[in-house]
Amino acid sequence: DGEYGFGQELSFPRDFVWGAATAAFQIEGATKEDGRGPSIWDTFAAIPGNVLDNDNGDFACDHFHRSGEDVDLMDRLGIPHYRFSLSWSRVQPDGKTVEPRGLAFYDRLADRLAERGIVPIATMYHWDLPQVLQDDGGWPNRDTVARFADYADMVFDRLSDRVRHWVTINEPFCSAFFGYGNGMHAPGISDHRAALRAAHHLLLAHGTALRRLREKAGSSHKFGIALNFAPAVIEAADEGYRQAARKFDCLQNRFFLDAVMGRGYPAESLADVAHLDALQPAVADGDLETIAAPLDWLGINYYAPCRPAPLAEAKWACDLPGLDSVGMLPGAEPLTSMGWEQAPDRLTQLLLWLTEYCEGLPLIVAENGAAFPDTVGPCGHVHDPQRVRYYVEHLTAVHQAIERGAKVEGYLAWSLLDNFEWAMGYSQRFGVVHVDFETQERRIKDSGWLLAQAIRTNAVPNAKHLRNDLGNDC
Ligand code: GBH
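Residues numbered from 1 in each chain as written. Predicted model: local features only at pLDDT ≥ 70, side-chain atom pairs only at ≥ 80, totals over all residues. Heavy atoms only, no water.

The protein has the name Beta-glucosidase in an unreviewed UniProt entry, where Amycolatopsis albidoflavus is given as its organism. Regarding the protein, the UniProt comment filed under Sequence similarities (unreviewed entry) reads as follows: "Belongs to the glycosyl hydrolase 1 family." The record held by UniProt for the protein lists under Catalytic activity (unreviewed entry) the comment "Hydrolysis of terminal, non-reducing beta-D-glucosyl residues with release of beta-D-glucose." (UniProt positions renumbered as here; feature names shortened; annotations may be inferred.)

Right, here's the structure in full:
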């Protein structure tokens, strides 16, 4: 088993929060059961050409019917925290009225997790807006803010006796800029002006809900938001590249962060998008204050850096609001199967920068992981040496950041299961557990055992101590 001959035993702080993450639409399936209403992702995936191979979320991992089995799987791996999301259209099919059967699913899940001593971290919104609310204008419509706050209030009332850790919104950047800006995600709208309004309303929804829940929650409840970060690699030292990197960094890594940290939107991004005339009319008096509601921790979703370039020298256009002059270059090899660069050192830098920039606000890596083309071996094992390496390197990077003073309190792997990878359908496997989408059979990958080892020892695993069957074919 010398195959994974890297990694040293580096211990994490006591009480480090270990876990794995998923999202409702990506795993649940059962999209028409127990009164669930359609979400924008059901509608989007039903239109040919939107999702690779025209995959959809109808069955996904069938987690809706297999949540017991999936909780057992986590128990087997010793996973102590589970981050999942609630499907808004399952619990409020029409965007306002409670569907008790939908809510009951999360009730049962919370109970099962409690039985196994697994601590839930619930995300209230991971991209799946009820379709009826999209029909009323979706996130570019300010009314959606009040709808979200009511929904958040309701699920909090129902689950807060068992769920003490909450994420309001996952990656508002993606919901706004991919959903309404470049149209790559649901609802598939390409309108930079709408995207900016959506961005503001997503943040306002976060702040409005957070302020409301904070008032009723005891100090035992913790609230955060999960933001996605992609540090900019400056490919060449000339001014054009520096400017492209600065503009990209501002919108990608600071636009949402600055707002939730009470700094307002960054001036350079505001100047870049001014001609769209979107924010100035959308931002009402008091909004920025609402958005700046105090957080208990910040969720960091990190996968890869980006390589911005002046558009004329780039391979792709950026297609983000205000970044018309900016393009992208491909990352350095070896890439993951998403085409993303692997750069653990960037995670260390990011965590150190955020610790300083957010003045010691506790950070939790709320998502980190990689897709590779895994196959089931002749004896049923799934050896995923590339993902094992990715995790060892990125856990080492987190450990290094902590050693150097970063305030990182946890790490959640993306993802527990292979699942519906949005516009890429089932072609991209991010799980530490393999899912056969024909039979729904789950198989723990080598990376799953690696994560289990990290959790058990509270350390970056040393390959020597990994389970014996790791790396063996049968
Ligand atoms: C997360 O978003 C989601 O929260 C999760 O649901 C999803 O399954 C997971 O990631 C995997 O995709 O191509 O080099 O320009 C990820 C947000 C935004 C991260 C785009 C990578 C592009 C890097 N992603 N970013 S690059």
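Draft legend 1. Spotlight on the sheet that holds strand S12 (residues 408-414). Strands sit in the order S2-S3-S4-S5-S6-S7-S11-S12 around a closed barrel of 8 strands; the barrel is parallel. Ignoring which end each strand starts from, the neighbouring axes of this sheet average 25° apart. Pairing of strand S4 (residues 119-125) with strand S5 (residues 165-170) involves 4 bridges; the strand directions are parallel. Its bridge partner lying in S5, Thr-123 is registered against Val-167. Of the strands in this sheet, strand S3 (81-85) and S4 touch helix H5 (residues 100-115), which is tilted by about 175° from S3. Contacting S4, S5 and strand S6 (222-229), helix H9 (residues 192-216) crosses the sheet at an angle of about 165° to S6. (Pairing = 2+ DSSP bridges. Helix = DSSP H or I, 4+ residues; strand = E, 2+ residues; numbered from the N terminus. Axes fitted to C-alpha atoms, helices over the stretch in contact; angles between N-to-C directions. Contact = heavy atoms within 4.5 Å.)

Draft legend 2. Up close: the sheet that holds strand S9 (residues 316-317). With respect to topology, 3 strands assemble into an open sheet ordered S8-S10-S9, the strand pairing being antiparallel. Looking at which strands have only one partner, the edges of the open sheet turn out to be strand S8 (307-310) and S9. Pairing of S8 with strand S10 (residues 326-329), which is carried by 4 bridges, proceeds in the antiparallel orientation. Residue pairing across strands places Pro-310 opposite Val-326, the latter belonging to S10. Taken strand by strand, helix H10 (residues 239-260) contacts S8 and S10, and its axis lies near 125° from that of S8.

Draft legend 3. Layout of helix H8 (residues 172-181). With 9 of its 10 residues buried, H8 lies for the most part within the structure. When H8 is considered as a whole, its buried residues turn out to be Pro-172, Phe-173, Cys-174, Ser-175, Ala-176, Phe-177, Gly-179, Tyr-180 and Gly-181. Gly-183 sits one or two positions beyond H8 and adopts a positive phi of about 75°. (Buried < 20%, exposed > 50% of the residue type's maximum accessible area, 1.4 Å probe, protein only.)

Draft legend 4. How the structure looks around the layout of surface pockets. Empty space within the largest pocket amounts to approximately 1400 Å³. What lines the largest pocket is a set of 44 residues, and nearest its centre among them are Phe-178, Asn-182, Cys-306, Met-338 and Trp-340. Secondary structure elements with two or more residues in the lining of the largest pocket: H8, S6, H10, strand S7 (297-302), S9 and S10. It is H8 that provides the largest number of residues to the lining of the largest pocket, a total of 3 residues. Of the residues contributing to the lining of the largest pocket, the split by class is 28 nonpolar, 10 polar and 6 charged. The volume enclosed by the second largest pocket comes to roughly 220 Å³. Taken together, Pro-231, Ala-232, Ile-234, Arg-242, Ala-245, Arg-246, Asp-249, Asn-253, Arg-346, Gln-349, Leu-350 and Trp-353 form the lining of the second largest pocket. Within the residue set of the lining of the second largest pocket, elements represented by two or more residues are H10 and helix H14 (344-357). When residues of the lining of the second largest pocket are assigned to their parent elements, the largest contribution, 5 residues, is made by H10. (1 Å grid on protein atoms, 1.4 Å probe; cavity = no way out; pocket = protein on both sides within 12 Å on 5 of 7 lines; lining within 4 Å. Points joined across faces, edges and corners; volume = space filled by probe spheres on them. Nonpolar A, V, L, I, M, F, W, Y, C, P; charged D, E, K, R; others polar.)

Draft legend 5. Representation of the site of the ligand within the structure. Around the ligand sit 16 residues in total, of which Gln-26, His-126, Glu-171, Glu-421 and Trp-422 are the nearest. Within the side chain of His-126, an N or O atom sits 2.8 Å from an oxygen atom of the ligand. Surface burial for the ligand is 84%, taken as the share of its 590 Å² of free accessible area covered by protein chains. If you map the ligand onto the pockets, it falls in the largest pocket. (Near = heavy atom within 4 Å. Polar contact = N/O pair within 3.5 Å; in protein donor to acceptor, adjacent residues only side chain to side chain. Areas by Shrake-Rupley, 256 points an atom, 1.4 Å probe, with all protein chains shown as cover. Sits in = over half its atoms within 2 Å of the grid points.)

Draft legend 6. Fine view of the packing of aromatic side chains. If you walk through the whole model with that rule in mind, you get 39 aromatic pairs. Look at Trp-18 and Tyr-411: their rings are 6.2 Å apart centre to centre, the planes differ by 65°, and that puts the pair in the edge-to-face class. Here the residue Trp-18 occupies a position in strand S2 (residues 17-21), and Tyr-411 occupies one in strand S12, the gap between them amounting to 393 residues. Like Tyr-411, Trp-18 is buried. On the basis of an interplanar angle of 80° and a centroid distance of 6.1 Å, the ring pair of Trp-41 and Phe-420 is categorised as edge-to-face. With Trp-41 in helix H2 (residues 40-45) and Phe-420 in the loop between S12 and strand S13 (433-435), the pair connects residues that are 379 residues apart, well separated along the chain. With respect to burial, Trp-41 and Phe-420 carry one shared label: buried. Grouping aromatic residues by their ring pairs yields a cluster made of Phe-25, Trp-41, Phe-44, Trp-127, Phe-420, Trp-422, Tyr-426 and Phe-437. (Phe/Tyr/Trp six-rings, centres within 6.5 Å; stacked < 30°, edge-to-face > 60°.)

Draft legend 7. View of the state of the cysteines. Summed over all chains, the structure comprises 0 disulfides. Cys-250 carries a free sulfur, and the closest cysteine sulfur to it, the one in Cys-318, is 13 Å from it. With a relative accessible area of 4%, Cys-250 lands in the buried category. In this model Cys-318 remains outside any disulfide bridge; the closest cysteine sulfur is found in Cys-306, 7.6 Å from its own. (Disulfide = S-S within 2.5 Å.)

Draft legend 8. Representation of H5. Spanning 16 residues, H5 covers 22 Å between terminal C-alpha atoms, matching the ideal 22 Å at 1.5 Å per step. Along H5, the positions that sit buried rather than exposed are Gly-102, Leu-103, Phe-105, Tyr-106, Asp-107, Leu-109, Ala-110 and Leu-113. At the N-terminal boundary of H5, the capping side chain belongs to Glu-99, with an oxygen 2.9 Å from the backbone nitrogen of Arg-101. (Expected span 1.5 Å × (residues − 1).)

Draft legend 9. A look at unusual backbone geometry. Backbone torsion omega between Ala-186 and Pro-187 reads 5°, so that peptide bond is classified as cis. Locating Pro-187 in the fold gives a position in the loop between H8 and H9. Here the residue pair Trp-414 and Ser-415 is connected by a cis peptide bond, since its omega of 15° sits within 30 degrees of zero. Its place among the elements puts Ser-415 in the loop between S12 and S13. Positive phi outside glycine occurs at Asp-34, with the angle close to 50°. Even without glycine at this site, Asp-62 takes up a positive phi of about 50°. Taking the relative accessible area as the measure of exposure, Asp-62 reaches 13% and is therefore buried.

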